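# Working through the structure, step by step
So the chains spell out like this:
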Amino acid sequence: MKAPRKGGTWKRDTLLGHVGSDPEHEFGIINPPVYHASTVAFPTMAAQHEARKTPNDSFVYGRSGSPTSFAFEEAVNALEGGARTICVGSGLAAIVGAMLAFVSQGDHVLVCDSSYRPTRNLCENFLKRFGVNTSYYDPLIDGKGIAALIRPETKVIYVESPGSHSFEVQDVPAICEAAHKRGVKVIMDNTWSAGVFFKPFEHGVDVSVHAATKYFVGHSDTMLGTITGTTETIDALFDSIHVLGYNVAPDDAYLGLRGMRTLAVRIKRHETSTLKVAEWLAGRPEIERILHPAFASCPGHEFWKRDFTGSSGLFSVVLNKATPAAIEALVDRLELFALGGSWGGFESLVLPTNVARSAVPFAGDGRCVRFHVGLENPDDLIEDLGEGLAAFNAKL
Ligand SMILES: Cc1ncc(COP(=O)(O)O)c(C=O)c1O
């Protein structure tokens, strides 16, 4: 595989363009081939025995990976800065696989109240059946606060920073410090930063998960997830993924790797366009608050300033006043913002959000709309939003 010269380093954009690529052994072809595989045949029993000793590093069976999925994993790991990355079939599979690596019957997990709804569903409707209890905590909690919530049976603190609907940025280093003092692992959903703007392992996180479906793939055409661990956590993660039988189709792994090649450029454009659109919205009389980590109005903005190096394309607004009919008129009038639940692709999206809460109320329910700013010209997007807000006002 291509790598910097001995003693040298590559900057992130360079790394993303080359890591996982091995043209020297692929007839000079830049992109790795897509290996479709189930059975892997061995020339001798001794060779099979040897490969089985290191199943996570060898090709023994299609389910446990192919050169194509290994190449994608290598690229993600280079970006995230962990010990190793495992790719799975979706972001939710990454969350489930990571969580199941560390919990057993009778254990307890602490989950941020701002977490993505299917994560709550995993806790409330699945882990509970197996005797694992969940408590939700205020995402703006400090180190002392989280330490007080840790029980003897707590095994995992789950962080999603920022929350992908309400956008609270968490004090991740303080949470990790408190967790590690009690032997608790911290799993973070790092999807919003695209792996580019937040370095989870430099801030103490033990496991970073991504909905690679979003910015890594970047083109709204593939479901993928990644789990990146430290040397202390990676074996437990591999065990969990093998037991669950998770597998990534080689074509999808290839599309993930292809997305990584342009990630640094795409995410910069998402960032600048989003800031322009959000600033325009901030000046509109209909808007009470912008929930974008780079804005002072966003809860936890100070942690974003301290720990992140930039911002991506997803944010919410809280409207001053709203009715369901007015929000419907806004959404339906928009031409460039499609109504859709995902994000991270080249296209702009809109989604009225209902934030699920257990620990702390969300001041904005029924008035919150989430936007993903795609790669279109931001001036066109602003014009579209002007039209949408006119329709909104007409229905208020
Ligand atoms: C923050 C976040 N994490 C995880 C996921 C799950 O990813 P996937 O849709 O690939 O299962 C999503 C999907 O919307 C998400 O927004």
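Whatever comes next refers back to the structure up there.
Fair warning: this is a prediction, and the values are worked out from it, not measured in the lab. (Residues numbered from 1 in each chain as written. Predicted model: local features only at pLDDT ≥ 70, side-chain atom pairs only at ≥ 80, totals over all residues.)

To continue, consider the overall build of the protein chain. Across its full length, the protein chain carries 12 helices and 12 strands. At 22 Å, the protein chain has a C-alpha radius of gyration in line with the 21 Å of a compact globule built from 396 residues. Reported as C-alpha extents along the three principal axes, the dimensions of the protein chain are approximately 75 × 55 × 40 Å. Put simply, the protein chain has 396 residues, and 48% of those count as buried. (Helix = DSSP H or I, 4+ residues; strand = E, 2+ residues; numbered from the N terminus. Rg over C-alpha atoms; globule rule 2.2 N^0.38 Å. Buried ≥ 20, exposed ≤ 12 C-beta atoms within 10 Å, placed from the backbone.)

On to the site of the ligand, then. Taken together, 13 residues are adjacent to the ligand, and Ser90, Gly91, Leu92, Ala211 and Thr213 come closest. Looking at the shell around the ligand residue by residue, the class counts come to 4 nonpolar, 7 polar and 2 charged. (Near = placed C-beta within 6 Å. Nonpolar A, V, L, I, M, F, W, Y, C, P; charged D, E, K, R; others polar.)

On to the packing of helix 11 (residues 324–333) against helix 12 (residues 378–395), then. The contact between helix 11 and helix 12 brings their axes to 7 Å, and the two run at 155°. Classed by the angle they form, the pair helix 11 and helix 12 counts as roughly antiparallel. Helix-helix and strand crossings are classified by hand; for helix 11 and helix 12 the assignment is right-handed. Contact residues: Ala325, Ala326, Ala329, Leu330 and Arg333 in helix 11; Glu387, Gly388, Leu389, Ala391, Phe392, Ala394 and Lys395 in helix 12. Partitioned by chemical class, the residues of the contact of helix 11 with helix 12 number 8 nonpolar, 1 polar and 3 charged. (Axes fitted to C-alpha atoms, helices over the stretch in contact; angles between N-to-C directions. Parallel < 35°, antiparallel > 145°, perpendicular 65-115°, else oblique. Left-handed = near helix turned anticlockwise from the far one by under 90°. Contact = placed C-beta atoms within 7 Å.)

With that settled, the discussion passes to the packing of helix 4 (residues 91–100) against helix 5 (residues 117–125). Look at helix 4 against helix 5: their axes get within 10 Å of each other, and the N-to-C directions meet at 35°. Considering how the two elements wind past one another, helix 4 and helix 5 form a crossing that is right-handed. Along the contact surface, helix 4 presents Leu92, Ile95, Val96 and Met99, while helix 5 presents Pro118, Thr119 and Leu122. Looking at the contact of helix 4 with helix 5, its residues break down into 6 nonpolar, 1 polar and no charged.

The next point concerns the sheet that holds strand 5 (residues 185–189). Taken together, 7 strands build an open sheet; the order of strands is 1-7-6-5-4-2-3 and the sheet is mixed. For this open sheet the edge positions go to strand 1 (84–88) and strand 3 (133–137), each flanked by a neighbour on one side alone. Strand-to-strand twist in this sheet, taken as the mean axis angle between neighbours without regard to direction, amounts to 20°. Relative to strand 7 (residues 225–229), strand 1 is paired through 5 bridges, and the arrangement is antiparallel. Its bridge partner being in strand 7, Cys87 is matched across the sheet by Thr226. (Pairing = 2+ DSSP bridges.)

Let's shift gears to the nonpolar core. Ala75, Ala98, Met99 and Ile157 are the most contacted members of the largest nonpolar core, which totals 71 residues. If we skip the residues at most four places from it in the chain, Ala75 touches Leu16, Val19, Gly20, Leu257 and Met260. (Core = buried A, V, L, I, M, F, W, Y, C linked by C-beta atoms within 7 Å.)

Inspection of the sheet shows strand 10 (residues 338–339) paired to strand 11 (residues 349–352) by 2 bridges, in the parallel sense. If you follow Leu339 over to strand 11, its bridge partner there is Val350. As paired strands, strand 11 and strand 12 (residues 368–372) are joined by 4 bridges and run antiparallel to one another. In the strand pairing of strand 12, Val350 is matched with Phe371.

Note on strand geometry: in a regular strand, side chains alternate between the two faces of the sheet. Burial analysis of strand 9 (residues 314–319) places 6 of its 6 residues in the buried class, which makes it a mostly covered element. Residues Leu314, Ser316 and Val318 line one face of strand 9 and the alternating positions Phe315, Val317 and Leu319 line the opposite face, and both faces are buried. Both strand 8 (residues 287–291) and strand 9 contribute to a ladder of 4 bridges, which runs antiparallel. Bridged to Ile290 within strand 9 is Val317. As paired elements, strand 9 and strand 12 share 5 bridges and run antiparallel to each other. Counted as the bridge partner of Val318 is Cys368 from strand 12.

The strand order across the open sheet formed by 5 strands is 8-9-12-11-10, and the pairing between neighbours is mixed. For this open sheet the edge positions go to strand 8 and strand 10, each flanked by a neighbour on one side alone. Those strands touched by helix 9 (residues 250–282) are strand 8 and strand 9, and its axis lies near 155° from that of strand 8.

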